[in-house]
Amino acid sequence: MNDAAETELTLTSPSVELVERLEANKDTIVATFTRGDRESVAEIWSFAADLISCNREGRQVTPEDLKGVYCMSYPMLFAFFTEYFNFVSEIENAKN
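Residues numbered from 1 in each chain as written. Predicted model: local features only at pLDDT ≥ 70, side-chain atom pairs only at ≥ 80, totals over all residues. Heavy atoms only, no water.

## Things to note about unusual backbone geometry
Now for step 1: With a phi close to 50°, Glu-6 is a non-glycine residue in the positive phi region.
Now for step 2: Mapped onto the elements of the fold, Glu-6 is located in the segment before helix H1 (16–35).
Now for step 3: Glu-6 sits in the exposed class, given a relative accessible area of 60%.
Now for step 4: Even without a glycine there, the phi angle at Cys-71 is positive, about 50°.
Now for step 5: Within the secondary structure layout, Cys-71 lies in the loop between helix H3 (63–67) and helix H4 (74–95). (Helix = DSSP H or I, 4+ residues; strand = E, 2+ residues; numbered from the N terminus. Buried < 20%, exposed > 50% of the residue type's maximum accessible area, 1.4 Å probe, protein only.)

## Focus on the packing of aromatic side chains
Now for step 1: Within this structure, the stated rule accounts for eight aromatic pairs.
Now for step 2: Relative to Tyr-84, the ring of Phe-80 has its centre 5.3 Å away and its plane inclined at 40°; by these criteria the two rings are tilted. Taken together, the positions of Phe-80 and Tyr-84, both in helix H4 and four residues apart, correspond to about one turn of that helix. Like Tyr-84, Phe-80 is buried.
Now for step 3: For the cation-ring pair, Lys-26 lies above Phe-85, with the distance from its terminal atom to the ring centre recorded as 5.0 Å. (Phe/Tyr/Trp six-rings, centres within 6.5 Å; stacked < 30°, edge-to-face > 60°. Lys NZ or Arg CZ within 6 Å of the ring centre and 35° of its normal.)

## Observations concerning the pattern of salt bridges
Now for step 1: Summed over the entire model, instances satisfying the criterion amount to one salt bridge.
Now for step 2: Measuring nitrogen to oxygen at the nearest pair gives 2.9 Å for the salt bridge that ties Asp-50 to Arg-21. Of this pair, Asp-50 sits in helix H2 (residues 38–52) while Arg-21 sits in helix H1; the two residues are 29 residues apart in sequence, bridging distant segments of the chain.
Now for step 3: Under the relative-accessibility criterion, Arg-21 is labelled partly exposed at 32%. (Salt bridge = Lys/Arg side-chain N within 4 Å of Asp/Glu carboxyl O.)

What follows is the structure, given as structure tokens:
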């Protein structure tokens, strides 16, 4: 993470529900980064917090934590989702 302590969280596979939510909202997430709709942006911060909360350390993260404690910027949020989509794709391909 981007905090002063350089916190490391080991993300784990998300629940089936989160994967389904990710897949169902992929187009909305991508569109939000191009449009910048405030309501959708707030939802994306919340979604990122839910995904990052799936970690081996058991640390629960809120959208406020991401923006405040962990100093995550909007471009970093975009990079997170880009990499997370790749992560989930690798998991799905490994199962086949």
